[in-house]
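Topology and contacts: notes
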Amino acid sequence: MCQLLAGNIHCWDPPRVAIAHPDKSGTKPECKEIRGKMACGYNCRVANGEVACNGTPHGVCTTHFERLVCWDPPESVIHEQGADTPKPRCLTASEAVGCGYDCRSTRTEVRCASTPTGVCQLDHEQLTCFDPPSLLHCDHSAPPPPAP
């Protein structure tokens, strides 16, 4: 996609995983600009003079203490889940922010799993997360079939 922003044309190509595995909502890529800063991708956000976007339609962005943070699930998750990829979430604690799945926090720390089947736990004020390995790999060497 290409877009005219602040008198300049900006073009951006989504990663192959986003093209081959779109989300159910039909989210389209976009570009946003603020004060000469520009970003292109999905779910673009502008906050506190910053701009950021997700690389896939399955990601999430949040702001915390004037920081803009965007996070996308790993490609292996999108390959496995396709259009049913669960939406990750972001969690904050004090000045810390973390995004992913099964997020847990202490008063000052946040940890999240990278996969929807991952688990995080808090044991004696110690946060740990485990993600099972992915056994799936997609081959995107050819263009995806046309949409129905």
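Here, the structure is the one placed above.
Okay, so let's go over this structure. (Residues numbered from 1 in each chain as written. Predicted model: local features only at pLDDT ≥ 70, side-chain atom pairs only at ≥ 80, totals over all residues. Heavy atoms only, no water.)

**Description of the overall build of the protein chain**
Heads up, the condition is: Secondary structure follows DSSP: runs of H or I at least 4 residues long count as helices, runs of E at least 2 residues long count as strands, and numbering of each begins at the N terminus. Using a 1.4 Å probe on the protein chains alone, a residue whose accessible area is under 20% of its type maximum counts as buried, one over 50% counts as exposed, and one in between counts as partly exposed. When checking whether two residues touch, look at their non-hydrogen atoms; a contact exists if any pair is within 4.5 Å. In this count, Lys and Arg are taken as positive residues and Asp and Glu as negative ones, while His and the chain termini are left out. Working definition for charges: the position is that of NZ of Lys, CZ of Arg, CG of Asp or CD of Glu.
Helix and strand content of the protein chain: 2 helices and 12 strands. With respect to the three principal axes, the spread of C-alpha positions in the protein chain is 55 × 40 × 20 Å. Relative to its full complement of 148 residues, the protein chain shows a buried share of 38%. A separation threshold of at least 6 residues defines the contact pool for the protein chain, and within that pool the share at least 24 residues apart is 34%. Averaging the locations of the 13 positively and 17 negatively charged side chains of the protein chain gives two centres separated by 5 Å.

**Focus: the pairing of strand β1 (residues 2-5)**
Here is the rule we go by: In this description, strands pair whenever DSSP reports at least two bridges between them.
By the bridge criterion, 4 bridges tie β1 to strand β2 (residues 8-11) in an arrangement that is antiparallel. Among the inter-strand pairings, Leu5 is bridged to a residue of β2, identified as Asn8. Hairpin remark: β1 followed by β2, antiparallel, with 2 residues in the connecting loop; positive phi at Ala6, about 50°.

**A closer look at the side chain of His64**
Tracing the chain through its elements places His64 in strand β6 (residues 60-64). We classify His64 as buried; its relative accessible area is 15%. In this structure, His64 is in contact with Thr92, Ser94, Glu95, Ala96 and Val97, ignoring residues within four places of it in sequence.

**Observations concerning unusual backbone geometry**
A positive phi angle, near 50°, is found at Arg35, a position not held by glycine. With respect to the helices and strands, Arg35 occurs in the loop between β3 (30-34) and β4 (37-47). Taking relative accessible area as the criterion, Arg35 reaches 69% and is therefore assigned exposed. In this model, Ser94 sits at a positive phi of 55°, which is unusual for a non-glycine residue.

**A closer look at the sheet that holds strand β8 (residues 89-93)**
The criterion, for reference: Angles here are taken between N-to-C directions and fall from 0 to 180 degrees, while the axes themselves are lines fitted to C-alpha atoms, restricted in helices to the stretch in contact.
In spatial order, the strands read β8-β9-β10; together these 3 strands make up an open sheet with antiparallel pairing. Lying at the two open borders of the sheet, with one neighbouring strand each, are β8 and β10 (110-113). Adjacent strand axes in the sheet meet at a mean angle of 40° when their direction is disregarded. Judged from the 3 bridges that link them, strand β9 (residues 96-105) and β10 form a sheet pairing that is antiparallel. Opposite Ser105, over in β10, you have Val110 as the bridge partner.

**Re the side chain of Thr106**
Along the chain, the position of Thr106 falls in the loop between β9 and β10. Take Thr106: its relative accessible area is 13%, and that puts it in the buried class. The residues touching Thr106, leaving out its near neighbours within four places in the chain, are Ala93, Leu122, Glu125 and Leu127.

Fair warning: the whole summary comes from geometry, so function is off the table for now.
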